[in-house]
Amino acid sequence: QVQLVQSGGGLVQAGGSLRLACAASGTIFMFNAMGWYRQAPGKQRELVAHITSGGSTNYADSVKGRFTISRDNAENTVYLQMNSLNSEDTAVYYCNTHRGGLEFWGQGTQVTVSS
């Protein structure tokens, strides 16, 4: 069973930075593509950033140039570095992966940006 355990997040002022981490277990992490999603109140969950097993990345237009997704295969962990945060980044953030046709989610982490 794949488990994703998130850490990081919290409250930050506009313009500040936060880093989220997602530690995976129950899978051969190096073979997994990983994603970070977010869901703001009243909105649908959206993909923020994605990284393939080979390290290729892509980002939502709204976060390009501000967020960086990375992975440490030795630590079975994927990170999301978030810089220049603004109020529109306020949301619950989730890490995600797929394996064996199934989808797995982290527990969610609240990020709140105060203006």
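This text goes with the structure placed above it.
Residues numbered from 1 in each chain as written. Predicted model: local features only at pLDDT ≥ 70, side-chain atom pairs only at ≥ 80, totals over all residues. Heavy atoms only, no water.

1. Focus: the side chain of N32
- With respect to the helices and strands, N32 occurs in the loop between β3 (18-25) and β4 (34-39).
- In this structure N32 comes out as buried when scored by relative accessible area, which is 0%.
- At a separation of 2.9 Å, a polar atom in the side chain of N32 contacts the side chain of T97.
- Here N32 is in contact with T27, T52, S53, R71, T97, H98 and R99, once residues within four sequence places are set aside. (Helix = DSSP H or I, 4+ residues; strand = E, 2+ residues; numbered from the N terminus. Buried < 20%, exposed > 50% of the residue type's maximum accessible area, 1.4 Å probe, protein only. Polar contact = N/O pair within 3.5 Å; in protein donor to acceptor, adjacent residues only side chain to side chain. Contact = heavy atoms within 4.5 Å.)

2. Re unusual backbone geometry
- The residue N76 is not glycine, and still its phi comes out positive at about 55 degrees.
- Positionally, N76 belongs in the loop between β7 (67-72) and β8 (77-82).
- Relative accessible area serves as the criterion here: at 27%, N76 is assigned to the partly exposed category.
- Unlike most non-glycine residues, S84 shows phi in positive territory, near 50 degrees.
- Checked against the element boundaries, S84 lands in the loop between β8 and β9 (91-99).

3. Overview of the sheet that holds β7
- Sheet architecture is open: 4 strands sit in the order β1-β3-β8-β7, paired in antiparallel fashion. Only two strands of the sheet have a single partner each, and these edge strands are β1 (3-8) and β7. Each strand of the sheet is rotated relative to its neighbour by a mean of 15 degrees, with strand direction disregarded.
- Pairing of β3 with β8 involves 6 bridges; the strand directions are antiparallel. By the bridge assignment for β8, R19 is matched with Q81. (Pairing = 2+ DSSP bridges. Axes fitted to C-alpha atoms, helices over the stretch in contact; angles between N-to-C directions.)

4. Observations regarding the packing of aromatic side chains
- This model, assessed by the stated rule, comprises 2 aromatic pairs.
- Here the aromatic rings of Y37 and W105 are separated by 5.0 Å at their centres, their planes lie at 70 degrees, and the arrangement is edge-to-face. A residue pair is termed long-range when its members are at least 10 positions apart, and Y37 in strand β4 and W105 in strand β10 (residues 102-105) qualify at 68 residues.
- Residue classification places Y37 among the buried residues on the basis of a relative accessible area of 18%.
- Relative accessible area serves as the criterion here: at 32%, W105 is assigned to the partly exposed category.
- Taken together, a centroid distance of 6.2 Å and an interplanar angle of 90 degrees make the contact between Y94 and W105 edge-to-face. Here the residue Y94 occupies a position in strand β9, and W105 occupies one in strand β10, the gap between them amounting to 11 residues.
- Judged by its relative accessible area of 15%, Y94 is buried.
- Taken together, Y37, Y94 and W105 form an aromatic cluster joined through their ring pairs. (Phe/Tyr/Trp six-rings, centres within 6.5 Å; stacked < 30°, edge-to-face > 60°.)

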